[in-house]
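The residues making up each chain are set out below.
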Amino acid sequence: MLLAISMAASISMFSVPSSAKLSSSSSFSSLAEAEALLNSGWWGNFSSTNHCDLEGIKCNGAGSVIWMERNYFYYGNNLADMNWSSLPNLEYLHLNGLKGGIPGEIGTLSKLTYLDLSFNPGLQGVLPPTLGNLTQLVNLNLAAANFEGPIPSSIGNLRTLIQLDLNSNNFIGSIPPEIGNLENLFELDLSCNSLRGPIPSSIENLRTLIHLNFKSNNLTGSIPPEIGNLKNLSKLDLSSNNLRGSIPSSIGNLRTLVFMDLNSNNLNGSVPPEIGNLKNLVEMNLGLNYLQGTTPSSIYYLSNLTRLYLHSNQLNGSIPHEIGNLENLVELDLYANNLHGPIPSSIGNLRALTYLSLRSNQLSGPIPESISNLFSLIELQLGSNLLEGEIPETLGRLKELAVLDLSNNRLTGIIPHSFVGMVSLYKLVLSNNLLSGSIPLLPPRVSVDTTGNTDLVDPTKPSPTQKTKNTLSGFLVAVIGASTTFAISVGAFVGLWIYKKDA
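Residues numbered from 1 in each chain as written. Predicted model: local features only at pLDDT ≥ 70, side-chain atom pairs only at ≥ 80, totals over all residues. Heavy atoms only, no water.

As named in an unreviewed UniProt entry, the protein is Leucine-rich repeat-containing N-terminal plant-type domain-containing protein, taken from Rhododendron simsii. Quoted straight from UniProt, the Sequence similarities (unreviewed entry) entry for the protein says "Belongs to the RLP family." (UniProt positions renumbered as here; feature names shortened; annotations may be inferred.)

Below you can see the structure in the form of structure tokens.
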């Protein structure tokens, strides 16, 4: 009885809007809403005269709460502290600083269109199936919390969703095929979880999808060919999974694609030539797979590419002359393949390049002079090939170059003196070549590795021949000095003996 009186006294601090008092058809209780806010403790022992005036609360014209946003909680507020069933008109909910799990009661918020509980590391537990009752949701963001367990199949009921972001949690199990019901989705992000199993073919229904991100999970199986039906897609990231099989040729249907990352999987087979249809592609990463065969020439006509990563595969053949068409490339990585033949001179057309790695292939012939035209280059990796001939003196023109690795080749001749003027250089690796002559005196900031070049001379260290000469000279000086001392001593002794004899 005393508790009821105390509660009534506390609630009396609120002033219920007159519009709410007079509305006989209202489906909410202003008193119940005020009581729910007070009992949560999220606003402390507030003394507001109107619960609609609380920080982060907005009400409609009838005085019913439609908006709740709190970003300044101290970690310790629990979602279960709120009586959600007392807020039937809530449309927008964005909370930070929470702990605990999502109560099943959240499913009573039938008018909710926006739910954002992202970046709440204190949250935990599984997603309640009642989330599927929020059929008016347009945006559901639960990223970077600590939710676990499977993604409930009831999520397929949220057919009005435009954005679904569940990244960076601890979700397990498979991607529910019911996700294919979300035909209005623009963005789907399930990255950085522990999801396993195949990518459901039902994703072909997501025809409005623009961003699809499943990276960093344990997904298996092949990339479903139905992915080619997502013709509005601009970003596709399936990297860091265990996907196998070949890249489906249907991927060439994604003509609006700007970003594609399939790296760090177990994909094999050849690169489909249909990738050449992706004329809007800006970044493509197929690295760290088991792709074989030659790279299709169609790739070298994707003139919008700025980043192309094909490293750590089993690609063979030569680097085609057409690579010079990719004049917008900023980074090109063909590291660790089985490429052979010469480096084409057309590579000098890639004037925007800052990073070029052709390391660990079987490339042969000389280093083309045209590389000296890449004035924006910061890192050049040509090590572990079969390159021969002299190092071009003109490489010294690359004033932005910080790292130059030409190690483990068959390069001959001298180290160009022009390297002394490379003002950004801090790492120079020339080990295990056939270089000769004197090592230029580079600034102290530059780390230089020339090991394995037996005919190179370091002017800062005496050569073995010079050491022998110095040792012999020292010995002769010592011998001559000792002989002189002995002669003087003998002369003095003889002189003293004659003097004594005459006396």
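**A few points about the state of the cysteines**
Taken as a whole, this structure holds one disulfide when the rule is applied. Covalent S-S linkage joins Cys-52 and Cys-59, the inter-sulfur distance amounting to 2.0 Å. Sign of the S-S torsion, about -95 degrees for the bond between Cys-52 and Cys-59, identifies this disulfide as left-handed. Using a relative accessible area of 14% as the deciding quantity, one classes Cys-52 as buried. (Disulfide = S-S within 2.5 Å. Buried < 20%, exposed > 50% of the residue type's maximum accessible area, 1.4 Å probe, protein only.)

**A look at the nonpolar core**
In this structure, Met-68, Trp-84 and Met-260 are the most contacted members of the largest nonpolar core, which totals 119 residues. Those elements that provide at least two residues to this core are α3 (30–40), β2 (65–70) and β4 (92–95). In this structure, Trp-84 is in contact with Trp-42, Met-68, Leu-79, Leu-90, Leu-93, Leu-95, Pro-103, Glu-105, Ile-106, Thr-108 and Leu-109, ignoring residues within four places of it in sequence. (Core = buried A, V, L, I, M, F, W, Y, C linked by side-chain atoms within 4.5 Å. Helix = DSSP H or I, 4+ residues; strand = E, 2+ residues; numbered from the N terminus. Contact = heavy atoms within 4.5 Å.)

**Quick notes on the pairing of β2**
Relative to β2, strand β1 (residues 57–59) runs antiparallel, the two being bridged by three bridges. Counterpart to Cys-59 in the pairing with β2 is Val-65. By the bridge criterion, four bridges tie β2 to β4 in an arrangement that is parallel. Directly across from Trp-67, in β4, lies its bridge partner Tyr-92. (Pairing = 2+ DSSP bridges.)

**As for the sheet that holds strand β21 (residues 290–293)**
Sheets are built from strands that pair by backbone hydrogen bonding, the pairs being arranged parallel or antiparallel. Sheet architecture is open: ten strands sit in the order β17-β19-β21-β23-β25-β27-β29-β31-β33-β35, paired in parallel fashion. Strand pairing shows two members of the sheet lacking a second neighbour, β17 (244–245) and β35 (455–457), which therefore form its edges. As judged from the two bridges shared by β17 and strand β19 (residues 266–270), these two strands associate in the parallel manner. Along β19, the bridge assignment pairs Arg-244 with Asn-266.

**A look at the layout of surface pockets**
Taken as a whole, the largest pocket spans an internal volume of roughly 180 Å³. Ile-439, Pro-440, Leu-441, Leu-442, Pro-443, Val-446, Val-448, Thr-450, Asp-458, Pro-459 and Thr-460 together form the lining of the largest pocket. Looking at the lining of the largest pocket, its residues break down into eight nonpolar, two polar and one charged. (1 Å grid on protein atoms, 1.4 Å probe; cavity = no way out; pocket = protein on both sides within 12 Å on 5 of 7 lines; lining within 4 Å. Points joined across faces, edges and corners; volume = space filled by probe spheres on them. Nonpolar A, V, L, I, M, F, W, Y, C, P; charged D, E, K, R; others polar.)

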